[in-house]
Amino acid sequence: MSTIALRTVPGAFILNSGIGKLGLDADSAAGMQGMAATGVPAVKQLSPEQFGKALAWGEIALGGALLAPFVSNRVAGLALGTFTAGMLSMYFRNDGMTESDGVRPTQDGTPLAKDTWLAAIAISLISSGKKADRKKK
């Protein structure tokens, strides 16, 4: 399976991140929610506690899907791509994350800008899934 590294490395990282957020206190959840709302305004409708739990379990589910061999590359890639789109929308919609050109990251934006690698992995997984589907036919 040529995509094992593409799935296990981000899968383990995201799973660990989700597990770490299970005990998130309300203040930390509110801070994360405020940041997330810059990219996905709908999260404002949740209480900080609901947001924290949804984020934790969402990351656990995504990490698990990437690590589970029975989840197809295409499905795992689509899930990762959706997650990454949310992360990158926070990056591009928050003026403090980019330099004046709106693309290059500031020091504060670098942690989110690195998620472009996750987007590349998602695209690779989705396209590898299509190749495997064609071979089966």
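All figures in this text were calculated on a predicted structure; none of them were measured in a lab.

Enquirer: I tried to follow the side chain of Thr3 on my own but got confused; where do I start?
Expert: Residue position: Thr3 is located in the segment before helix H1 (4–20). A relative accessible area of 4% places Thr3 in the buried class. Among residues more than four places away in sequence, those in contact with Thr3 are Asn73, Leu125 and Ser128.

Enquirer: Quick question: what am I supposed to make of the pattern of salt bridges here?
Expert: Pairing between side chains of opposite charge can happen when the charged atoms of each approach one another. Across all of its chains, the model carries three salt bridges by this definition. For Glu59, the salt bridge goes to Lys21, with nearest N and O atoms at 3.1 Å. Residue Glu59 is located in helix H3 (residues 48–67), and its partner Lys21 is located in the loop between H1 and helix H2 (26–39); the two are separated by 38 residues in the primary sequence. The buried category is assigned to Glu59, whose relative accessible area is 6%. According to the relative accessible area criterion, Lys21 is buried, its value standing at 14%. Between Asp115 and Lys114 there is a salt bridge; the shortest N-O distance is 2.7 Å. Lys114 sits in the partly exposed class, given a relative accessible area of 41%.

Enquirer: Can you walk me through the nonpolar core in this structure?
Expert: Within soluble globular proteins, side chains that are nonpolar generally end up buried alongside one another. Core analysis: the largest hydrophobic core is formed by twelve residues, namely Ile14, Leu62, Ala65, Leu66, Ala68, Val71, Ala76, Leu80, Leu118, Ile121, Ala122 and Leu125. It is helix H6 (residues 116–136) that contributes the most residues to this core, four residues altogether. What Ile14 contacts, discounting residues up to four positions off in sequence, is Glu59, Leu62, Gly63, Leu66, Leu80 and Phe83.

Enquirer: Sorry if this is basic, but what is going on with H1 here?
Expert: Structurally, the α-helix is built with 3.6 residues per turn, so residues lying three or four positions apart point the same way. If you check H1, its first and last C-alpha atoms are 24 Å apart, about what 17 residues at 1.5 Å a residue would give, namely 24 Å. Here H1 has its buried residues at Arg7, Pro10, Gly11, Ile14 and Gly18.

Enquirer: I keep staring at the environment of Leu22 and nothing clicks. Help me out?
Expert: Relative to the helices and strands, Leu22 is located in the loop between H1 and H2. Judged by relative accessible area, Leu22 falls into the partly exposed class, the value being 41%. C-alpha of Leu22 to C-alpha of Ala56: the two residues are 34 residues apart in sequence and 5.6 Å apart in space. Among residues more than four places away in sequence, those in contact with Leu22 are Ala56, Trp57 and Ile60.

Enquirer: Where do I start with H3 in this structure?
Expert: Over its 20 residues, H3 runs 28 Å from end to end, which matches the ideal 28 Å to within 8%, given 1.5 Å per residue. Those residues of H3 that fall on the buried side of the exposure criterion are Phe51, Gly52, Ala56, Glu59, Ile60, Leu62, Gly63, Ala65 and Leu66.

Enquirer: Sorry, what's going on with the side chain of Glu59 here?
Expert: A distance of 3.0 Å separates a polar side-chain atom of Glu59 from the backbone nitrogen of Gly18. Those residues in contact with Glu59 that lie beyond four places of it in its chain are Ile14, Leu15, Ser17, Gly18, Lys21 and Phe83.

Enquirer: I keep staring at the packing of H3 against helix H4 (residues 73–93) and nothing clicks. Help me out?
Expert: Contact pair H3 / H4: the axes reach a minimum separation of 9 Å and the direction vectors enclose 145°. Every pair of crossing elements has a handedness; the one defined by H3 and H4 is left-handed. Residues Glu59, Leu62, Ala65 and Leu66 of H3 form the contact with H4, whose own contacting residues are Ala76, Ala79, Leu80 and Phe83. By residue class, the composition of the contact of H3 with H4 is seven nonpolar, no polar and one charged.

Calculation criteria
- Residues numbered from 1 in each chain as written.
- Predicted model: local features only at pLDDT ≥ 70, side-chain atom pairs only at ≥ 80, totals over all residues.
- Heavy atoms only, no water.
- Helix = DSSP H or I, 4+ residues; strand = E, 2+ residues; numbered from the N terminus.
- Buried < 20%, exposed > 50% of the residue type's maximum accessible area, 1.4 Å probe, protein only.
- Contact = heavy atoms within 4.5 Å.
- Salt bridge = Lys/Arg side-chain N within 4 Å of Asp/Glu carboxyl O.
- Core = buried A, V, L, I, M, F, W, Y, C linked by side-chain atoms within 4.5 Å.
- Expected span 1.5 Å × (residues − 1).
- Polar contact = N/O pair within 3.5 Å; in protein donor to acceptor, adjacent residues only side chain to side chain.
- Axes fitted to C-alpha atoms, helices over the stretch in contact; angles between N-to-C directions.
- Left-handed = near helix turned anticlockwise from the far one by under 90°.
- Nonpolar A, V, L, I, M, F, W, Y, C, P; charged D, E, K, R; others polar.

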